[in-house]
Amino acid sequence: MKRAQPSFLHARENSVDRRMRPRPNTRVNLESLMSNESSRTSSSRSSSPSNRSPSPVQSEYIPPEAVKEESTVKVCLRLRPNLKNNPVRLAFRIQDNTLLARGSDDNSTERQYTFSDIFNDSVSQAQVYESCIRPSISNITGDRGATFLTYGTSGSGKTYTLLGTNNSPGIVPRAIEQVFVENSNLISPQPNLKIDKTTIQTLDDESVRDEINKVQAMKRILQNRDNSHVRMKSIIQKEHAFHPKEDPDLRVFIWVSFVEIYNENVYDLLAHDSIFGKRKPMKILSNEGNAYIKDLSCVYAGSSEDAYNILQFGIQSATYGSTDVNSNSSRSHSIFSMTVVSFSVVDQQINYSVYKFCDLAGSERLKKTGTVGDRLKEAQKINTSLLVLGRCLETVYKNQKSKKLAEIVPVRDSKLTMLIQSALLGKEKFTMIVNLYPTEEYYDENLNVLNFSSIAKQIVLQKKMTQKHHRSTRFSFFLAQATSSPSARIDGNRLMMEIERLKQELDHEATVYREQLNEKELENQFLRQELLRQELQLRNELTDDFESYCVQREATFQTRLKQAQEAAALPYKSQIATLNTKVEKLRETIMDMEYEEEEYEKKLAAYQNELRKYRDKERRFRRLSL
């Protein structure tokens, strides 16, 4: 085997080097050495590796404390009013955007939790929506999407915040109304574009008809249809000022899907089989890091009424149950998604944004809920998925604080975290609304919720810079020695002068190229005008030639038509002449017969006269004989 030659440019790896040669632990930043000559003079180093201390490379890590609050997860707190008749001591109080928590024990420590916004029990649904949801869905073409998540204990008002009632709509009906009102002039009546497996798909005419029939079929199957959408729409329009956008070059297509995660199985709430209880678990796949559900039903919503009917259709198939805490408790995590596809006619570009509204099942303690049997199994699965969600948030928070190698976020440990992994990994906006029942009875459960949300509040929603972990090599050592010598400073000055000279040359060449570019643009504009003039002239010539050709062809066709008419009438002319001859003969025969008829009539009259005379004679003769 041939022995490798030593090289300063292609050094051996640390594990292969057996000579124990000096290796520095840090690298040298040449740019900082050249830009600060005074620091280079004062920090002269010895050639010994034990005494040198080269300048380290600047770290790319940004601590989360220096990041603005706009780049972190938005976590809002909403307090549910105490509806019990017996007065209960409240364990929480609000001070600005900070929640102060203290237990029943007077000696217990008061805990503080800071949120983006805190809404007390008197805040309306409209105020919650304006603060938490509306800014995140105002731009459908510039954002990848957003995830909105309601979290809290069982019976804390999560579903009310998300869906609301007919007289007090939640954030989902308001988001539907905002999207459809703001894009009312842009929404396409035909579903020509669709997202299939995170890719854009163009639908043919037959597929378009099938998609339209899906919505109509859901409306027919939907039970207890009333005018609740009309009432909710009027309420939302009074409480919010949504204005339509004007962009004639944009076409918008809105698709809706609705799923639930029940006992760690994903079910499609918009499938027709879900109504009759024949549900099949669905698979979650990934395409280039984007998770999607295989064979998920995505229904096109051409209006806000269609979207609301689709929502109601899915709610009828969701899983609810009764516990000691809540008589109508959600026993699954439900995710309502709106995919807004925008197509620019001018740029021929397609963008899409996915807005997910997640209604998490409440975290439960068996001592309070009293669940047994199937309810116990459901509670275990719910708490397990929420635990995985907490682990994911904690791992993301640790990764952004640590300068070491990032840990893997365990998004694949739960179906919930797999579906919202884009929000957990900072690829899209993430808003969490924490619901709290601020009574002393649920103090321990609420503390777990607050600790969970405090971690989410500190997560930075920006792509973390890739941290380069430099390795020490022989090249770093020799580079440090070379930069510390006096000759290196002289070469550095020459290099800086050469760089300045090259910059000036580049500026001059850039100026020349700009002038040439302007000349080429003027020439191009002149050529365009000349081409347009020639094209117009050519079109006029073609039009004149075609017009004369049409006149000539019309004259030829008229001549051929006359000849064809004459040729077609020729055999009939001889037949007509023959028939005319026969008619003349018949006329002569008729005239002869008429003449004979007149003679016969005369003879008949003469015979009648003779007969009458003969009868008169006969009568006279009889009289004479008598």
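Residues numbered from 1 in each chain as written. Predicted model: local features only at pLDDT ≥ 70, side-chain atom pairs only at ≥ 80, totals over all residues. Heavy atoms only, no water.

- Per an unreviewed UniProt entry, the recorded name for the protein chain is Kinesin-like protein, and the organism is Culex quinquefasciatus.
- Listed under Sequence similarities (unreviewed entry) in UniProt, the entry text for the protein chain is "Belongs to the TRAFAC class myosin-kinesin ATPase superfamily. Kinesin family."
- Its UniProt record, at the heading Subcellular location (unreviewed entry), says of the protein chain: "Cytoplasm, Cytoskeleton". (UniProt positions renumbered as here; feature names shortened; annotations may be inferred.)

**Considerations on the nonpolar core**
Here is step 1 of the chain: Among the nonpolar cores identified, the biggest contains 58 residues, and Ile133, Ile137, Ile171, Val172, Phe336, Met338 and Phe357 are the most heavily contacted of them.
Here is step 2 of the chain: When near neighbours in sequence (up to four residues on either side) are disregarded, Ile171 contacts Tyr129, Ile133, Thr161, Leu162, Phe357 and Ile433.
Here is step 3 of the chain: Residues Tyr113, Cys358, Tyr397 and Val411 belong to the second largest nonpolar core, which totals 50 residues. (Core = buried A, V, L, I, M, F, W, Y, C linked by side-chain atoms within 4.5 Å. Buried < 20%, exposed > 50% of the residue type's maximum accessible area, 1.4 Å probe, protein only. Contact = heavy atoms within 4.5 Å.)

**Some words on the sheet that holds strand β3 (residues 98-101)**
Here is step 1 of the chain: Ordered by their spatial adjacency, three strands build an open sheet running β2-β3-β4, and the pairing between neighbours is antiparallel. Either end of the sheet is taken by a strand with one partner, and the two such strands are β2 (92-95) and β4 (111-114). Along the sheet, successive strands turn relative to each other by an average axial angle of 25 degrees, direction set aside.
Here is step 2 of the chain: Pairing of β3 with β4 involves four bridges; the strand directions are antiparallel. (Pairing = 2+ DSSP bridges. Helix = DSSP H or I, 4+ residues; strand = E, 2+ residues; numbered from the N terminus. Axes fitted to C-alpha atoms, helices over the stretch in contact; angles between N-to-C directions.)

**Structural notes on a negative patch on the surface**
Here is step 1 of the chain: A surface patch of like charges, here negative, comprises Glu588, Asp592, Glu594, Glu596, Glu597, Glu598, Glu599 and Glu601.
Here is step 2 of the chain: Mapped onto the secondary structure, Glu594 falls in helix α15 (residues 486-625).
Here is step 3 of the chain: Exposure remark for Glu594: the relative accessible area of 44% places this residue in the partly exposed category. (Patch = residues over 30% accessible without salt bridge, like charges linked within 9 Å, V, L, I, M, F, W, Y side chains within 5 Å. Areas by Shrake-Rupley, 256 points an atom, 1.4 Å probe, with all protein chains shown as cover. Salt bridge = Lys/Arg side-chain N within 4 Å of Asp/Glu carboxyl O. Lys, Arg positive; Asp, Glu negative; His and termini not counted. Charge placed at Lys NZ, Arg CZ, Asp CG, Glu CD.)

**What about the packing of helix α3 (residues 125-132) against helix α5 (residues 171-182)?**
Here is step 1 of the chain: Direction vectors running N to C along α3 and α5 enclose 60 degrees, while the axes themselves pass 10 Å from each other. Considering the angle they form, α3 stands oblique to α5. Considering the relative orientation of α3 and α5, their crossing is right-handed. On α5, the residues touching Gln125, Ala126 and Tyr129 of α3 are Ile171, Arg174, Ala175 and Gln178.
Here is step 2 of the chain: In terms of residue class, the contact of α3 with α5 is made up of four nonpolar, two polar and one charged. (Parallel < 35°, antiparallel > 145°, perpendicular 65-115°, else oblique. Left-handed = near helix turned anticlockwise from the far one by under 90°. Nonpolar A, V, L, I, M, F, W, Y, C, P; charged D, E, K, R; others polar.)

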